[in-house]
Amino acid sequence: MTLSRRQFVATSSSAALYALLVDHRLLAQPAAPTIVELRRGVSAFSLRGGTIGILQARDGLVIVDSQYADTAKVCLDGVRARTARTIDLVVNTHHHGDHTSGNGVLRAAAARIVAHENSAALQRKTAAASPPAAGAPPAPVPTYPDATYSSTWSERIGDETVALKYYGPGHTSGDSVVTFEQANVVHMGDLMFNRMHGFVDVPSGASIANWASLLELVVKAHDRDTLYIFGHGNAGTVTGASADLLEFSAYLQALLTAAHDAVKKGTPRDEFVKGSLGARFADYTSPVPNNPNFSLAGNLGKAFDEASKK
Ligand SMILES: [Zn+2]
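Residues numbered from 1 in each chain as written. Predicted model: local features only at pLDDT ≥ 70, side-chain atom pairs only at ≥ 80, totals over all residues. Heavy atoms only, no water.

(A) Structural view of the overall build of the protein. From N to C terminus, the protein includes nine helices and 15 strands. Taking all 310 residues of the protein together, the buried fraction comes to 53%. Counted over contacts in the protein with a minimum sequence separation of 6, partners at least 24 positions apart contribute 65%. Entry remark: accessible area of the protein is about 13200 Å², with carbon and sulfur atoms responsible for 55%. (Helix = DSSP H or I, 4+ residues; strand = E, 2+ residues; numbered from the N terminus. Buried < 20%, exposed > 50% of the residue type's maximum accessible area, 1.4 Å probe, protein only. Contact = heavy atoms within 4.5 Å. Areas by Shrake-Rupley, 256 points an atom, 1.4 Å probe, with all protein chains shown as cover.)

Structure (structure tokens):
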């Protein structure tokens, strides 16, 4: 499912507050920043980096992920056109910079920032490992979560229940699935690259096998009407349904099946990574073209390494 005509019209009716979206496919690189209303107070904002989820409930305001400082400011300005309320909660779905670099902008407007405990640890580890280059201006001080959880976390905020759940390693070892229970909308963070060669962050504890499995578990934990927000999406399609999760799970499983076959046959790694997954996944694109971390060859290599460990 993509944004429907009805949702688009609902967005258009808020034209005084938000830039108009001419076509939902522009979500990845919109001509103007856009907050798109989804359902029961939940919206999606795309400008640069991972999709931001917004809940404006009765007596509650929640923001999921913060992109970058400049785009977080644009998002916050859009929210402020609606409400002056303090943000009850900012959630980081995981530690990557395109989901947490705007934390500092949201921090002053927010009561708390929450993330999985591994996400907070990885954010600190990444910051410590990336000192600014000699002569470069000092990097902005990272803003870390002030609350973490290990398995599940849930809180009533306004007339909505926000539930975070950790399903084990996937894209990293600290990804949260964020469910707005009454709205029946789920923010997947980067556990969903919709029809894209998603980034498998091996140094941060990613697991292709568990990632494929957990997507099936997420589908089982929700229902046919659940609407999902994706961290990144092919052609700007950053919302969808359970079928999209199962499709990406099939892609991850296909990587591993091919890798296990190659390891069993003794195919050399450098030969294996030049292969393909066949026609089914031929329309997958790269979130970051020409970067091996976001390519089929890169993912085949990581699957080969994961399959070789067993
Ligand atoms: Zn990520």
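(B) Inspection of unusual backbone geometry at higher detail. Its identity as a non-glycine residue notwithstanding, Arg40 has a phi of 45°, on the positive side. Under the relative-accessibility criterion, Arg40 is labelled partly exposed at 41%. Backbone geometry places Arg195, a non-glycine residue, at a positive phi of 55°. Mapped onto the elements of the fold, Arg195 is located in the loop between strand 12 (193–194) and helix 6 (208–221).

(C) Looking closely at the coordination of the zinc ion. Distances from the zinc ion to its protein donors, His94 (NE2), His96 (ND1), His171 (NE2) and Asp190 (OD), fall at 2.1 to 2.2 Å. Taken together, the four donor atoms surrounding the zinc ion define angles of 85 to 168° at the centre, an arrangement classified as irregular. Coordination of the zinc ion draws on donor residues from a single chain, spaced H-x1-H-x74-H-x18-D in sequence. With His94 in the loop between strand 5 (89–92) and helix 3 (97–100) and Asp190 in the loop between strand 11 (185–187) and strand 12, this pair connects stretches of sequence that are 96 residues apart. For the pair His94 and Asp190, one class covers both residues: buried. (Donors = N, O, S within 2.8 Å, 3.2 Å for Na, K, Ca; no water. Tetrahedral: all angles 85-135°; square planar, octahedral: opposite > 155°, others 65-115°.)

(D) Inspection of the pairing of strand 6 (residues 113–116) at higher detail. For strand 5 and strand 6, the ladder comprises three bridges, and the chain directions are parallel. When the sheet's bridge partners are listed, Val91 is paired in strand 6 with Val114. One ladder, built from three bridges, connects strand 6 with strand 7 (residues 147–149); its direction is parallel. Bridge pairing in strand 7 places Val114 opposite Ala147. (Pairing = 2+ DSSP bridges.)

(E) Geometry of the packing of helix 6 against helix 7 (residues 242–265). Relative to each other, helix 6 and helix 7 sit at 160°, their axes nearing to 9 Å. Considering the angle they form, helix 6 stands roughly antiparallel to helix 7. Relative to helix 7, the crossing made by helix 6 is left-handed. Contacts between helix 6 and helix 7 involve Ile208, Ala209, Trp211, Ala212, Leu215, Glu216, Val218 and Val219 from the first element and Ser242, Leu245, Leu246, Phe248, Ser249, Leu252, Gln253 and Leu256 from the second. For the contact of helix 6 with helix 7, the class distribution of residues is 12 nonpolar, three polar and one charged. (Axes fitted to C-alpha atoms, helices over the stretch in contact; angles between N-to-C directions. Parallel < 35°, antiparallel > 145°, perpendicular 65-115°, else oblique. Left-handed = near helix turned anticlockwise from the far one by under 90°. Nonpolar A, V, L, I, M, F, W, Y, C, P; charged D, E, K, R; others polar.)

(F) Here's a closer look at the packing of aromatic side chains. The tally for this structure, following the rule as stated, stands at seven aromatic pairs. With a centroid separation of 5.6 Å and an interplanar angle of 15°, the aromatic rings of Phe248 and Tyr251 are classed as stacked. Taken as a pair, Phe248 and Tyr251 lie in helix 7 at a separation of three residues, close to a single helical turn. Assessed through its relative accessible area of 1%, Phe248 is described here as buried. For Tyr251, a relative accessible area of 0% translates into the label buried. Its end group placed over the ring of Tyr144, Arg124 keeps NZ or CZ at 4.1 Å from the ring centre. (Phe/Tyr/Trp six-rings, centres within 6.5 Å; stacked < 30°, edge-to-face > 60°. Lys NZ or Arg CZ within 6 Å of the ring centre and 35° of its normal.)

(G) Up close: the sheet that holds strand 2 (residues 42–46). Ordered in space as 1-2-3-4-5-6-7, the seven strands form an open sheet in which the pairing is mixed. The open sheet has two edge strands, strand 1 (34–39) and strand 7, and neither has a second partner. Geometrically, the sheet is characterised by an average inter-axis angle of 25° between neighbouring strands, direction not taken into account. Judged from the three bridges that link them, strand 4 (residues 60–64) and strand 5 form a sheet pairing that is parallel. Residue pairing for strand 5: Ile63 is matched across the bridge by Val90. Across the sheet, helix 5 (residues 117–129) touches strand 5, strand 6 and strand 7, and the angle it forms with strand 6 is around 100°.

No statement about biological role is implied by the geometric values presented.
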